[in-house]
Amino acid sequence: MRGRHPLIAVAVLLSGCATGTPAPSPGPIGVVPVPSSVRPGVGEHVLSGATTVAAAAQLAEVTARQVAALRRVTGLPLEEADARAATLRVEHDASQPEEGYELEVSADGVRIAASAPAGAFYAFQTLRQLLPPEVESAERAPGVEWRLPVVVIRDAPRFSWRGLHLDTARRFFDVETVKRYVDLMSRFKLNRFHWHLTEDQGWRVEIDAYPRLMEVGAWRAESPTWSRDDDDSVMDGVRHGGYYTKEQMREVVEYAAERFVTVIPEIELPGHATAAIASYPELGCTGEQLEVTTTWGIFESIFCPSEETFAFLETVLDEVMEIFPSPWIHIGGDEVPKKQWEESSLAQQVIEREGLTDEEELQSWFIRRIERHLSANGRRLIGWDEILEGGLAPNATVMSWRGTEGGIAAARQGHDVIMTPVEHAYFDFYQAGPEGEPPGANWSGSILPLDRVYAFEPVPEELTAEQAEHILGAQGNLWSEHVPTREHLDYMVYPRALAMAEVAWSPKEARDWEGFVARLPAVLRHLDELGVSYRRPAEHLATAAAGSD
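All figures in this text were calculated on a predicted structure; none of them were measured in a lab.

Trainee: Where do I start with the overall build of the chain in this structure?
Mentor: Across its full length, the chain carries 18 helices and 19 strands. The globule rule puts the C-alpha radius of gyration for 549 residues at 24 Å, and the 24 Å found for the chain is close to it. Across its three principal directions, the C-alpha atoms of the chain cover 75 × 50 × 45 Å. In the chain, which comprises 549 residues, the proportion classed as buried is 61%. Here the chain carries 49 positive and 85 negative side-chain charges, and the mean point of each set is 6 Å from the other.

Trainee: Explain the pattern of salt bridges here, please?
Mentor: Any two side chains of opposite charge can pair, given that their charged atoms come close. Counted according to the given criterion, the structure contains 35 salt bridges. One salt bridge in this structure joins R89 and E91, with 3.2 Å as the shortest N-O distance. Since its relative accessible area comes to 27%, R89 is described here as partly exposed. Overall, E91 belongs to the partly exposed group, its relative accessible area being 28%. As a salt-bridge pair, R170 and D167 come within 3.1 Å of each other at their nearest N and O atoms.

Trainee: Would you take a moment to explain the packing of aromatic side chains for this structure?
Mentor: Both the distance between ring centres and the angle between the ring planes are used here to describe each pair of aromatic rings. Under the defined criterion, the tally for this structure stands at 25 aromatic pairs. A centroid spacing of 5.8 Å and a plane angle of 55° characterise the contact between Y181 and F193, whose relative ring orientation is tilted. One end of the pair, Y181, is in helix 3 (residues 175–187); the other, F193, is in strand 9 (residues 192–196), and 12 residues separate them in sequence. Relative accessible area serves as the criterion here: at 4%, Y181 is assigned to the buried category. According to the relative accessible area criterion, F193 is buried, its value standing at 0%. Ring centres of F303 and F312 lie 6.0 Å apart, and the angle between their planes is 45°; this geometry places the pair in the tilted category.

Trainee: Before we go on, may I ask you to explain the sheet that holds strand 7 (residues 146–155) in this structure?
Mentor: Where strands meet in a sheet, backbone hydrogen bonds hold them as pairs that are either parallel or antiparallel. An order of 1-7-5-6-4-2-3 is seen for the seven strands of this open sheet, with the pairing classed as mixed. For this open sheet the edge positions go to strand 1 (37–47) and strand 3 (79–80), each flanked by a neighbour on one side alone. Helix-sheet contacts for helix 1 (residues 60–74) involve strand 2 (52–55), strand 4 (88–92) and strand 7, and the interaxial angle to strand 2 is about 165°.

Trainee: In this structure, what is going on with the nonpolar core? I would like to understand it.
Mentor: As a rule of thumb, soluble globular proteins bury nonpolar side chains together. In this structure, F312 and Y494 are the most contacted members of the largest nonpolar core, which totals 125 residues. Of all the elements, helix 7 (residues 307–323) adds the most residues to this core, at eight residues. Residue contacts for Y494: discarding those within four places in its chain leaves L164, L184, M185, F188, L527, V532, Y534 and R535. Core analysis: the next-biggest nonpolar cluster, separate from the first, contains 36 residues, L76, V105, L127 and L148 among them.

Trainee: Hey, could you run me through helix 1 in this one?
Mentor: Side chains of residues three or four places apart in an α-helix project in the same direction, reflecting 3.6 residues per turn. The terminal C-alpha atoms of helix 1 lie 20 Å apart, and with 15 residues this matches the ideal 21 Å at 1.5 Å per residue to within 8%. Along helix 1, the positions that sit buried rather than exposed are V62, T63, Q66, V67, L70, V73 and T74. Buried residues of helix 1, seen end-on, are gathered within an arc of 125° and therefore sit on one face of the element. Packing partners of the buried residues in helix 1 comprise strand 2, strand 4, helix 2 (117–130) and strand 7. Phi turns positive, to about 75°, at G75, one or two residues after helix 1.

Trainee: What is the right way to read a negative patch on the surface from this model?
Mentor: A cluster of like negative charges, contributed by E405, E423, E461 and E462, occupies part of the molecular surface. Within the fold, E423 resides in helix 12 (residues 422–425).

Trainee: Sorry, what's going on with the pairing of strand 2 here?
Mentor: Bridge count for strand 2 against strand 3 is two bridges, and the pairing is parallel. Of the residues in strand 3, the one forming a bridge with T52 is E79. Regarding topology, helix 1 serves as the crossover connection from strand 2 to the parallel strand 3, and that connection is right-handed. Sheet topology note: the strand 2/strand 4 ladder contains three bridges and is parallel. Across the sheet, V53 pairs through a bridge with L88, a residue of strand 4.

Trainee: Teacher, can you tell me more about the packing of helix 9 (residues 345–353) against helix 10 (residues 359–376) here?
Mentor: When two helices pack together, you describe them by how their axes are tilted relative to each other and by the distance separating the axes. Running from N to C, helix 9 and helix 10 point in directions that differ by 80°, and their axes come no closer than 10 Å. If you check the angle between helix 9 and helix 10, you find them roughly perpendicular. Listed contacts from helix 10 to A347, Q348, V350, I351 and R353 of helix 9 are E359, L362 and W365. Of the residues that constitute the contact of helix 9 with helix 10, the class distribution is five nonpolar, one polar and two charged.

Trainee: Is there a simple way to explain the pairing of strand 14 (residues 262–269) in this structure?
Mentor: Regular strands show a simple pattern: their side chains alternate between the two faces of the sheet. Of all eight residues in strand 14, seven are buried; the element is thus mostly enclosed. Here strand 9 pairs with strand 14 via five bridges, running parallel. Paired with R192 across the bridge in strand 14 is T262. As paired strands, strand 14 and strand 15 (residues 328–332) are joined by two bridges and run parallel to one another.

Trainee: Which parts of the structure should I look at to understand the sheet that holds strand 8 (residues 161–167)?
Mentor: The strand order around the closed barrel formed by eight strands is 8-9-14-15-16-17-18-19, and the pairing between neighbours is parallel. Neighbour-to-neighbour, the strand axes of the sheet open up by a mean angle of 30°, direction not taken into account. Bridge count for strand 18 (residues 417–419) against strand 19 (residues 471–478) is three bridges, and the pairing is parallel. Residue pairing in the sheet places I418 in a bridge with G473 of strand 19.

Trainee: When you look at the state of the cysteines in this model, what are you seeing that I'm missing?
Mentor: Every disulfide links exactly two cysteines, by a covalent bond between their sulfur atoms. Enumeration over the complete set of coordinates arrives at one disulfide. Each disulfide pairs two cysteine sulfurs, and for C285 the partner residue is C304, the sulfurs being separated by 2.3 Å. Judged by the torsion about the S-S bond (100°), the C285/C304 disulfide is right-handed. Separated by 19 residues along the polypeptide, C285 in the loop between helix 6 (274–279) and helix 7 and C304 in the loop between helix 6 and helix 7 bring together distant segments of the chain. Its relative accessible area of 4% is what places C304 among the buried residues.

Cut-offs used in this document
- Residues numbered from 1 in each chain as written.
- Predicted model: local features only at pLDDT ≥ 70, side-chain atom pairs only at ≥ 80, totals over all residues.
- Heavy atoms only, no water.
- Helix = DSSP H or I, 4+ residues; strand = E, 2+ residues; numbered from the N terminus.
- Rg over C-alpha atoms; globule rule 2.2 N^0.38 Å.
- Buried < 20%, exposed > 50% of the residue type's maximum accessible area, 1.4 Å probe, protein only.
- Lys, Arg positive; Asp, Glu negative; His and termini not counted.
- Charge placed at Lys NZ, Arg CZ, Asp CG, Glu CD.
- Salt bridge = Lys/Arg side-chain N within 4 Å of Asp/Glu carboxyl O.
- Phe/Tyr/Trp six-rings, centres within 6.5 Å; stacked < 30°, edge-to-face > 60°.
- Pairing = 2+ DSSP bridges.
- Contact = heavy atoms within 4.5 Å.
- Axes fitted to C-alpha atoms, helices over the stretch in contact; angles between N-to-C directions.
- Core = buried A, V, L, I, M, F, W, Y, C linked by side-chain atoms within 4.5 Å.
- Expected span 1.5 Å × (residues − 1).
- Arc of directions from axis to C-beta.
- Patch = residues over 30% accessible without salt bridge, like charges linked within 9 Å, V, L, I, M, F, W, Y side chains within 5 Å.
- Areas by Shrake-Rupley, 256 points an atom, 1.4 Å probe, with all protein chains shown as cover.
- Right-handed = clockwise from strand over helix to strand, strands pointing away.
- Parallel < 35°, antiparallel > 145°, perpendicular 65-115°, else oblique.
- Nonpolar A, V, L, I, M, F, W, Y, C, P; charged D, E, K, R; others polar.
- Disulfide = S-S within 2.5 Å.

Structure, rendered in structure tokens:
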């Protein structure tokens, strides 16, 4: 992958633990995100042909999946045994938080304790990072000694929402790429996959009631070629598109659920709707026959607030809810130009009929109506922070992207918030340069280096303790205008997603930039085995190496 830099070897340390826990001594512990508490010991345990496994009934299914993966790559039998005799024991411990766990490696064996399958799953992800990186091999890795350091780890997440977003509307990625994206994020304890499925440039969801969405909306005639000068006027002349069948989307949901990842679909409204309106012109305010957009940006075409539009959107959302069991449905709500509403007699009639002040309140009314439909089906609405304009829908969750101000305002009003501010969380930004970097977002050369992701604090100081309870967590976002391949996707997301994972999982007191950089090489070796085309952050690793001299 162009732009990759040589990895500079540094010592692997685990530094920084929760308040009251002494920092561990330097050792071979390279885990991301950093656990709540780590007590390194002396010595090691080696998985071998004599290793046997036992799991509590409540945790048997998740254990079986994880052990099967270990069995495949190690070639070890890892046979089941009585709990008293097994050397790898997975025990039920009701005192553990739902996603928490205890992992104890001694010279004699391995013990995992969890109260729920999610906690056991995360314990196994930590265990994988403690093993040699060949554990990630796609095939059996012969000749490896499967050594584990003696250690006691107690761990639980800081936030319930630990998210990663992927825009498949501007660039269509196949199902295998989407599943791989989910698998990688789950290995680092990220648990919310925000799947951006509709846009001006493409509609990606199979909807039985509206076949033209797939026939027309899923395809655009061409795409811009990238330019460092923020000029997207040169086109590639290549038809681009595709959509996910219901069967494929259910496959992703099931795949994610096995990895304790919730898939949150996003259906954009009332803006970013050109692909839908190109399919069904009657949904717009002008009735004009549009083409699916072939350039990037914000466009005037938006859904008109007619009964026909609401019938369409409710039908679409009904079919989406049949596929995605997520408690949340994301409706976008961002970047909605109001010109067509200003010029639409129908929109103006709605404003007058409903006693609304202006088009901002019309947007709020529009979203409130959608929220009522979602609420009637037991779902919660999420929208970008523009849904604050004109007044929030009663049970809406705000995804704060234009800085943290929208999230602060929503939390003060008693609404749940996901923090994903552009200055810390937009993985389509350059990581350096931009000279020497592959294409990034055309936001005037905006740069988001790894250390700025890591510096993100999701809970603003302005909030009271009660208001801070509404901060569900944090999320990294990848918009795909300039990300046409899986390799480029890898490059933009990793290792920045590792930094976001630590922000969202680890105790605030445990986070330490130097410790993160010191642990990073061990994790990158695992990504090497997984075939991830990540960006090698040589500038940070070089600094860490110099500091350790």
